[in-house]
Amino acid sequence: PSYTSGSTTAVLTVSRATPTFGAFSLGSRSFGDGAFTATAPSSNSTGTASWSSSNTAVATVNSANGVITPIGAGSTTIRFSRAQTGSYTAGSTTAILTIERATPTFSAFVLNGIGVFERPSALPAPTSNSDGTASWSSSDTSVATVDSASGVVTPVSLGSTTITFSRAQSSAYVSGSVSTTLNVTPNSVTTFDVLPAISVSDPKKVYISTTSGPTQNSLRSDGQGSWWFFKSGSVGDVTGNFDVSIDLYIANGGGREIADFAFWISGTGRATNGYVYRMQNLGGDSGFFTVANGAMSTMVGGGVSDVTTSYDTWYTLRLTAVGDSVTATVSLRETGAVLSTKTITVPVGNRAGVFGQQADSAGTAAGQRWDNFTVRPTS
């Protein structure tokens with residue numbers, strides 16, 4: 001033989017392959033849909049899988065299991081990766097996820113009627129899944145107004161208005177609202193407006209009686225010269241004809257109790273002008289009076305009603321004015337039995353002003369109770 005045995009070598013390098021991925025799409029989701037698990041795209045690599053989000057203000061993703069949690073409206077790139085293995089390099093694929101703002105939901109929204117003389121009060125806001133800025137509105141501000149930020153409602157006149165509670169658009173929710181009807185109705189005088197702050201200081205008070213029994217939640221006057229009037233421009237302010245009633249309770253104070261219900265009152269403080277109908281449990285100076293600069297005088301033909309009220313009894317005083325004629329009818333509230341009817345002719349003019357209590361004489365500390373002031377339509 002001419003040759004010995006021999007050999008040569010060459011290096012063969014096998015590089016890791018680049019992994020391939022199947023189709024990967026996420027599309028759109030609503031914020032309200034909540035968290036969901038993304039479906040991993042297929043891959044020829046078996047490298048460890050992981051997930052990431054490019055915009056965690058829109059959505060986060062669990063790096064291990066692909067659970068995506070919407071955070072706010074917008075778009076983010078979701079990346080699915082496979083780590084390097086013995087056969088494949090690290091690789092990844094992406095898909096765009098769009099999170100749409102959700103439509104907000106609201107709890108049931110029902111409002112109880114509100115008395116026309118009640119003080120401004122905050123409305124109960126319905127709950128909502130939206131964190132958008134809250135606001136309020138009233139469809140008829142001649143019936144009731146509502147503060148747009150606080151939801152404090154102020155009754156203006158009898159009628160109905162639509163109250164709307166809204167949530168503005170936020171990062172996660174579109175704007176939305178819910179509405180309900182608010183009825184403004186005649187109500188008791190338990191909450192009333194003062195024109196101006198003219199009830200005199202302690203111990204002469206006007207306040208709400210909280211004692212349980214037949215006078216609970218009525219307006220208490222302590223019978224010692226307390227004056228109160230309804231607010232100018234409210235339903236307790238009238239020009240021309242009117243038809244109103246108010247209930248009166250004479251407490252058993254063991255002495256004289258005088259209740260003076262005033263109408264067509266103008267002026268401020270105690271310098272008032274207008275008219276009064278007086279009821280009392282003792283004495284004979286009941287009936288109609290004029291008021292001039294706060295001082296009362298018996299009207300010609302208007303004094304000494306044939307009613308002397310008793311203790312611990314509810315009465316109803318109804319006053320009707322047509323033209324220059326005003327009629328006062330006193331009845332027992334529980335039975336409706338009429339006890340007295342008195343009519344007076346008022347001078348021309350001076351036919352505008354508010355209702356209230358004009359206290360000219362003192363009574364006992366037991367005082368009177370007023371309730372259920374009602375205004376009826378007139379022609």
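Structural data are supplied above this passage.
Residues numbered from 1 in each chain as written. Predicted model: local features only at pLDDT ≥ 70, side-chain atom pairs only at ≥ 80, totals over all residues. Heavy atoms only, no water.

Visitor: I'm lost on the overall build of the protein in this one. Help?
Guide: Within the protein, the regular secondary structure consists of 0 helices and 28 strands. Evaluated residue by residue, the protein yields a buried proportion of 42% over its 379 residues. Restricting the contact set of the protein to residue pairs at least 6 apart, pairs at least 24 apart contribute 63%. For the protein, the accessible surface area stands at approximately 17,900 Å², while carbon and sulfur atoms represent 49% of it. (Helix = DSSP H or I, 4+ residues; strand = E, 2+ residues; numbered from the N terminus. Buried < 20%, exposed > 50% of the residue type's maximum accessible area, 1.4 Å probe, protein only. Contact = heavy atoms within 4.5 Å. Areas by Shrake-Rupley, 256 points an atom, 1.4 Å probe, with all protein chains shown as cover.)

Visitor: Could you clarify how one ought to interpret the packing of aromatic side chains in this entry?
Guide: What characterises a pair of aromatic rings is the spacing of the ring centres plus the angle enclosed by the ring planes. For the coordinates displayed, the defined rule picks out 17 aromatic pairs. Centre to centre, the rings of Phe263 and Phe288 are 6.3 Å apart; their planes meet at 90°, and the pair counts as edge-to-face. With Phe263 in strand β20 (residues 258-268) and Phe288 in strand β22 (residues 287-292), this pair connects stretches of sequence that are 25 residues apart. Ring centres 5.0 Å apart and planes at 70° place the aromatic pair Tyr277 and Phe288 in the edge-to-face group. With Tyr277 in strand β21 (residues 271-280) and Phe288 in strand β22, this pair connects stretches of sequence that are 11 residues apart. Three or more aromatic residues link up through ring pairs in this structure, and these residues are Phe242, Phe261, Phe263, Trp264, Tyr275, Tyr277, Phe288 and Phe355. In this structure, Arg278 is placed above the aromatic ring of Phe289, and the distance from its NZ or CZ to the ring centre is 5.0 Å. The ring of Trp314 has Arg333 lying over it, and the distance from NZ or CZ to the ring centre is 4.2 Å. (Phe/Tyr/Trp six-rings, centres within 6.5 Å; stacked < 30°, edge-to-face > 60°. Lys NZ or Arg CZ within 6 Å of the ring centre and 35° of its normal.)

Visitor: What exactly am I supposed to notice about the side chain of Thr180 here?
Guide: If you trace the backbone, Thr180 turns up in strand β14 (residues 176-185). A distance of 3.2 Å separates a polar atom in the side chain of Thr180 from the backbone oxygen of Phe109. Ignoring anything within four residues of it in the chain, the contact list for Thr180 reads Phe109, Val110, Leu111, Thr161, Thr162 and Ile163. (Polar contact = N/O pair within 3.5 Å; in protein donor to acceptor, adjacent residues only side chain to side chain.)

Visitor: Explanation requested: the pattern of salt bridges in the structure shown.
Guide: Two side chains carrying opposite charge are able to pair once their charged atoms lie near each other. All told, the structure shown has 4 salt bridges when counted by the stated rule. Arg333 serves as the salt-bridge partner of Asp247, at 3.2 Å between the closest nitrogen and oxygen. Placement of Asp247 in strand β19 (residues 242-250) and of Arg333 in the loop between β25 (325-332) and β26 (338-345) is noted, with a sequence separation of 86 residues between them. For Asp247, a relative accessible area of 7% puts it in the buried group. Judged by its relative accessible area of 27%, Arg333 is partly exposed. (Salt bridge = Lys/Arg side-chain N within 4 Å of Asp/Glu carboxyl O.)

Visitor: Would you mind showing me how to read the sheet that holds strand β9 (residues 121-122) here?
Guide: Either a parallel or an antiparallel arrangement is found when strands of a sheet pair, and the pairing is made through backbone hydrogen bonds. Taken in spatial order, the 3 strands line up as β9-β12-β11 in an open sheet, and their pairing is antiparallel. For this open sheet the edge positions go to β9 and β11 (144-146), each flanked by a neighbour on one side alone. Of the pairings in the sheet, the one linking β11 to strand β12 (residues 152-155) comprises 3 bridges and is antiparallel in character. Counterpart to Thr145 in the pairing with β12 is Thr154. (Pairing = 2+ DSSP bridges.)

Visitor: Just to check I follow, could you spell out the environment of Thr76 for this structure?
Guide: Position of Thr76 among the secondary structure elements: in strand β6 (residues 74-82). Separated by 16 residues in sequence, Thr76 and Thr60 place their C-alpha atoms 9.2 Å apart. Filtering out sequence-adjacent residues up to four positions away, Thr76 remains in contact with Ser53, Ser54, Asn55, Val58, Ala59, Ala95, Ile96 and Leu97. A distance of 2.8 Å separates a polar atom in the side chain of Thr76 from a polar atom in the side chain of Ser53.

Visitor: Would you explain the sheet that holds strand β10 (residues 134-138) in this entry?
Guide: Across the sheet, which stays open at both edges, the 4 strands sit in the order β8-β14-β13-β10 with mixed pairing between neighbours. Both outer strands of the open sheet, β8 (114-115) and β10, are each paired with one neighbouring strand and no more. In terms of strand pairing, β8 meets β14 through 2 bridges, oriented parallel. Each residue of the ladder has a partner; that of Gly115, found in β14, is Thr185.

Visitor: Would you take a moment to explain unusual backbone geometry for this structure?
Guide: Trans peptide bonds make up most of the peptide bonds, and negative phi angles are found at most residues other than glycine. Phi is positive for Trp264, which is not a glycine, with a value near 50°. Tracing the sequence through the fold places Trp264 in strand β20. The buried category is assigned to Trp264, whose relative accessible area is 1%. Even without a glycine there, the phi angle at Asn293 is positive, about 55°. Turning to its location among the elements, Asn293 is positioned in the loop between β22 and β23 (295-303). Asn293 sits in the exposed class, given a relative accessible area of 58%.

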